[in-house]
Every structure is written in structure tokens, then in C-alpha cells.
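Observations on chain architecture
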Amino acid sequence: QVQLVESGGGLVQAGGSLRLSCAASGRTFSEYNMGWFRQAPGKEREFVAAISGSGGSTHYADSVKARFTISRDNAKLTVYLQMNSLKPEDTAIYYCAADQRPYFVYPQSRRVAQYGYWGQGTQVTVST
């Protein structure tokens, strides 16, 4: 089992940057594929990015490709989401999630149901 705690959210102007962190508990962090999702008010939770347990493979939603970068440091039990060129439509609560399946394939990695563990979320607000 793994517990996840996000941090790094806040208020930023359009065009700015933020880096989100997700700290995990447990000694088997490298066995978990990790994902970032977001949920805006009145909308469904949507996929943002995912990374394999080793960090060697990544997947991104088209809406964030070339602007966001997911990475992980297994020694620090942490996954990151670097967000650049932020837009007002990026405003949402951002959640990290963990999946312990031994495979990392698309499109399964973008499905909410693929992940069994979730953090509490961190708010990101992008102003115009």
C-alpha cells in the first residue's frame, strides 16, 4: 500500500510556471506507475500525465504536451509535474495517483480506474 501527498499548487499568472510534487510512503515506490490527473469545477477528472515505475516511459494528454513534464526520483519517493506556459484552462485541483500493475501501456495509463491510490489534491489557479 502507498500513501500520497501532493504539494506545490498555488496561484500563478498565465504564462507562468509551477512544479507540483507528490511524496509517497512505502519502500516499493519504484514498483508503482504514477499518474497526474486534474479536476476543474463541474468537470470530470481528466488525465494529465503518467510515468512508469522506472521513469523510462511517459505519457501525456495532448492538451499539456510540450508544456508539462512528469518525472520521478525513486530515491526520494517523489513524482513531479513541471508545468510551464500555464493557461487559465489549466486551473483545477491536481491529483497524483499510483498503479501497482507490472505493465505501463497507453491508453490504460490515462484511465482513472487504472489507479488504486490517490492523494488529496493540490489547487492550481491560473489567472489572466
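Residues numbered from 1 in each chain as written. Predicted model: local features only at pLDDT ≥ 70, side-chain atom pairs only at ≥ 80, totals over all residues. Heavy atoms only, no water.

1. Quick word on the overall build of the protein chain
A tally of helices and strands in the protein chain yields 0 helices and 11 strands. In terms of C-alpha radius of gyration, the protein chain reaches 13 Å, essentially the compact-globule figure of 14 Å for 128 residues. Each principal axis of the C-alpha atoms in the protein chain carries an extent, and together these give about 40 × 25 × 25 Å. The 128 residues of the protein chain split such that 45% are buried. Long-range pairs, those at least 24 residues apart, make up 61% of the contacts in the protein chain with a sequence separation of at least 6. (Helix = DSSP H or I, 4+ residues; strand = E, 2+ residues; numbered from the N terminus. Rg over C-alpha atoms; globule rule 2.2 N^0.38 Å. Buried < 20%, exposed > 50% of the residue type's maximum accessible area, 1.4 Å probe, protein only. Contact = heavy atoms within 4.5 Å.)

2. A look at the pattern of salt bridges
The final tally for this structure, using the stated rule, is 5 salt bridges. Arg38 is the salt-bridge partner of Glu46, the closest N and O atoms lying 2.6 Å from each other. Since its relative accessible area comes to 36%, Glu46 is described here as partly exposed. Residue classification places Arg38 among the buried residues on the basis of a relative accessible area of 6%. The salt bridge partner of Arg38 is Asp90, with a shortest N-O separation of 2.9 Å. Here Arg38 is found in strand β4 (residues 33-39), whereas its partner Asp90 is found in the loop between β8 (78-83) and β9 (92-99), with 52 residues between them in sequence. Comparing Arg38 with Asp90, the two get one shared label, buried. A single network of salt bridges, built from pairs that share partners, joins Arg38, Glu46, Arg67 and Asp90. (Salt bridge = Lys/Arg side-chain N within 4 Å of Asp/Glu carboxyl O.)

3. Looking at the nonpolar core
Core analysis: the biggest nonpolar cluster contains 36 residues, and Met34, Trp36, Leu81, Met83 and Tyr94 have the highest contact counts within it. Excluding anything up to four places from it in sequence, Tyr94 contacts Glu6, Leu20, Trp36, Phe37, Arg38, Val48, Phe68, Leu81, Met83, Gly121, Thr122 and Val124. (Core = buried A, V, L, I, M, F, W, Y, C linked by side-chain atoms within 4.5 Å.)

4. Section: the state of the cysteines
If you walk through the whole model with that rule in mind, you get 1 disulfide. Each sulfur in the disulfide pair Cys22 and Cys96 lies 1.9 Å from the other. Between Cys22 and Cys96, the disulfide has an S-S torsion of 45° and is therefore right-handed. Here the residue Cys22 occupies a position in strand β3 (residues 18-24), and Cys96 occupies one in strand β9, the gap between them amounting to 74 residues. This pair shows no difference in class: Cys22 is buried, exactly as Cys96 is. (Disulfide = S-S within 2.5 Å.)

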